[in-house]
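Chain by chain, the residues:
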Amino acid sequence: MRSTVCNRSVLAYSIAVVALFCSALFLTMPGNASRALAAGEDLGGVDFPGTGTGAIPDGSSPCPSFGSSLDISFAVTGVTAPLSDVALSHTISHTWVGDLDVRLIAPDATEHVIYSRVESASGDCFGDSSNLSGVYSFDDVGGPTNFWDAAFNAPGSGDIIANGNYRTTAAGPDDTPPADETDMTAAFSSVADPNGTWTLRVRDANGFDTGTVTEATLTLTGGVAPSSDATVDFNGDGTSDISIARDGTGGGLRDGGSVLTARSVREKMRMMIEGSKGENPGPTGEGPPDPGSNIDWYISNSGGGGPTISSFGEPTTDFVVPEDYDGDGLDDIAVWRPINATGPGGAFFMIFRSSDSTVDTVDFGVQNDDPTVVGDYDGDGTADPAVYRCPVAAPGQCSFYYLGSTNNVGAQDITVVPWGFGTVFTVFTNVGDFDGDGSHDFCVQTEHPNQPGQGLFSLLRSSDFGVEYFAWGLNTDLIAPGDYDGDGMNDFTVVRNEGGQLVWYILEKDGGTRGAAWGLASDFATPADYDGDGATDVAVYRGSEGNWYLINSGSGMSSGYDWGEGGAGDYPLSNFQVH
């Protein structure tokens, strides 16, 4: 097994420091904190030209007797659900508009009436006699005139309805015209996947009057694209895999246990700092440490891929840090091992690359660093080795350190972002992309300076280095990172033990709030996207049973899975960034 070594200690002198030093976050703020950003902007409208335009087959008598339909197709690709806007334009000529029934149909067969049998009534099948000639566009903004009114107010029989922009209307007959205007985007909001073939269906309900559609354009605007990087996705299908790590030795850090028994990063840090270190399989001379093979990784691959079992790492010393470090779309099995209080050689990331089954060893960090902040900080789709460092005893400046894989091509300098003030036991990270730019941001939670015992999240955005503050939760709560509403931006979620039950409090990035009572105090919080819908699911792992309990964000239904051995001390990998 080939091993490549990247010697980039965080104490190296070639360091690119972000020119922003925030020595303390203790600012006077209102209790609710500011929320400067609204929800993420949509991706922008995309035009899809129609194919299959032509003559509209004529209807027959008695009215209504529909002829064959003219089906115009739109091949839609690259649009993300949920749709935030739908618009349609068509160039049409046809005498007697009251004959026509025009509908838009989505790939899942959801359909919406654009206009149908305009000005028809129960006693007047034929509808309005005005003609269509030119370009008519329909969306949810429209113009000042109802489409039925535009037909009724055309100067006389056979006159042309004014070209322009309209809202869609309900189908006739309607005995109290005009028909109500309708919302086209709302009609298609439940379309789970807007990609595929959309159809504009045009039918004629009566004989003698004919026409043609010469051009049609469908414009779709998707929602904010959710991150496709599901946590602990080892097979690259965009869905988190139920997976555990098991101490293969039976030994441990203290009292016969390993760091894998801790239910949060802060508990791991306390065990590492205050407990006995046990045997440390560090370097015995030149070269990096051997990864070892005493952590057993049991992965139940989603999508029916079957389980995989690997042995990699040492449970007495290592933090599990699975991420996609080689950019192949599959999370890699990886550990971080602290060895010394100074570098080089202070700590090592050891990564089993899924792309070529080799091991990369990266000299990065020192003892007492938090390595679970790994993620994509430079926005290239590849996770970067990273640590968060705070003083152990006296409060002081805390900083993020990461080794960029794109922004630092060549030298691969370390970037340092000073953010947070306190100790390893008072400042806790909330990992993720909060502004939807595809790069990890810098977010920590501390005790609120004006509200003792309350939590204060301080966010430094990577997109513009703007700062936001969010008063949320207690500073003793667990922090369960994730994008729970699937809008492409991480939320602020805390988990609290209330009378032996875990209660999840979610503050969405756009300001919405919700909660869920889910799990027992002894459970591991295991937030991840288990149903592949782009949104983080509320979930726990119950070690006493070896069972997982999930609330699927897509359906809202709960489910349970048996993966793990009850009482064996198995560690759920989706807990690795819970602080």
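Residues numbered from 1 in each chain as written. Predicted model: local features only at pLDDT ≥ 70, side-chain atom pairs only at ≥ 80, totals over all residues. Heavy atoms only, no water.

What follows concerns the overall build of the protein chain. Within the protein chain one finds three helices and 35 strands. Scored against the burial criterion, the 579 residues of the protein chain give a buried share of 53%. If you take every contact in the protein chain between residues at least 6 apart in sequence, the share linking residues at least 24 apart comes to 61%. (Helix = DSSP H or I, 4+ residues; strand = E, 2+ residues; numbered from the N terminus. Buried < 20%, exposed > 50% of the residue type's maximum accessible area, 1.4 Å probe, protein only. Contact = heavy atoms within 4.5 Å.)

Here the focus is unusual backbone geometry. In this model, S61 is joined to P62 through a cis peptide bond whose omega is -5°. P64 follows C63 through a cis peptide bond whose omega is -5°. By the secondary structure assignment, P64 is in the loop between strand 4 (54-56) and strand 5 (70-76). The phi angle at W96 is positive, at roughly 60°, despite the residue not being glycine. Within the secondary structure layout, W96 lies in the loop between strand 6 (85-94) and strand 7 (100-105). Located in the positive-phi region is V232, a residue other than glycine, with phi close to 45°.

A few words now on the state of the cysteines. All told, the structure shown has two disulfides when counted by the stated rule. A sulfur-sulfur distance of 1.8 Å marks the disulfide that ties C63 to C125. Around the S-S axis, the bridge from C63 to C125 shows a dihedral of about -80° and counts as left-handed. With a gap of 62 residues between them, C63 in the loop between strand 4 and strand 5 and C125 in the loop between strand 8 (111-116) and strand 9 (132-138) connect regions that are remote in the sequence. Note on C125: relative accessible area 17%, which makes it buried. When the cysteines engaged in disulfides are numbered in sequence order, the protein chain pairs them as 1-2, 3-4. (Disulfide = S-S within 2.5 Å.)

With respect to the helices and strands, D326 occurs in the loop between strand 16 (319-320) and strand 17 (333-338). This buried residue, D326, is left without a salt bridge; R353 holds the nearest opposite charge, at 4.6 Å. Within the structure, D326 has its side chain in polar contact with the backbone nitrogen of S354 (distance 3.3 Å). Residues in contact with D326, not counting those within four places in the same chain, are D332, R353, S354, S355 and T382. (Lys, Arg positive; Asp, Glu negative; His and termini not counted. Salt bridge = Lys/Arg side-chain N within 4 Å of Asp/Glu carboxyl O. Polar contact = N/O pair within 3.5 Å; in protein donor to acceptor, adjacent residues only side chain to side chain.)

What follows covers the environment of T91. Within the secondary structure, T91 sits in strand 6. Sequence-wise, T91 and N163 are 72 residues apart; in three dimensions their C-alpha atoms are separated by 9.6 Å. If near-sequence neighbours (up to four positions away) are discounted, T91 is found in contact with G134, V135, T212, V213, T214 and E215.

Within the open sheet, the four strands sit side by side as 23-24-25-26. Their pairing is antiparallel. Here the strands that pair on one side only, and so sit at the sheet edges, are strand 23 (428-429) and strand 26 (467-474). Relative to strand 25 (residues 454-460), strand 24 (residues 442-447) runs antiparallel, the two sharing six bridges. If you follow T446 over to strand 25, its bridge partner there is L456. (Pairing = 2+ DSSP bridges.)

This next bit is on the nonpolar core. Among the nonpolar cores identified, the biggest contains 41 residues, and W297, V320, V321, Y325, F349, F364 and L573 are the most heavily contacted of them. If you look at the next biggest cluster of nonpolar residues, it comprises 39 residues, including I72, I92, V97 and A151. (Core = buried A, V, L, I, M, F, W, Y, C linked by side-chain atoms within 4.5 Å.)

What follows covers the packing of aromatic side chains. Centre-to-centre distance and the angle between the planes together describe a pair of aromatic rings. Tallying each qualifying case throughout the model produces 23 aromatic pairs. Aromatic pair Y388 and F400: ring centres 4.5 Å apart, planes at 50°, arrangement tilted. Of this pair, Y388 sits in strand 20 (residues 386-389) while F400 sits in strand 21 (residues 396-403), and the two are twelve residues apart along the sequence. Here the aromatic residues Y115, Y136, F138, F147 and Y166 are joined through ring pairs into a cluster of three or more. The ring of F66 carries R203 above its face, with NZ or CZ at 3.9 Å from the centroid. Just above the ring of Y298 sits the side chain of R246; from NZ or CZ to the centre is 4.6 Å. (Phe/Tyr/Trp six-rings, centres within 6.5 Å; stacked < 30°, edge-to-face > 60°. Lys NZ or Arg CZ within 6 Å of the ring centre and 35° of its normal.)

On to the side chain of N206. By secondary structure assignment, the location of N206 is in the loop between strand 11 (196-204) and strand 12 (211-221). In this structure N206 comes out as buried when scored by relative accessible area, which is 7%. Ignoring any residue separated from it by four or fewer positions in sequence, one finds N206 in contact with D58, G59, S60, S61, C63, S65, D99 and F126.

Sheet architecture is open: four strands sit in the order 31-32-33-34, paired in antiparallel fashion. The sheet terminates laterally at strand 31 (524-525) and strand 34 (558-562), the two strands that pair on one side only. As defined by bridge partners, strand 31 adjoins strand 32 (residues 538-542) across two bridges and the pair is classed as antiparallel. Note that in strand 32 the partner of F524 across the bridge is Y541.

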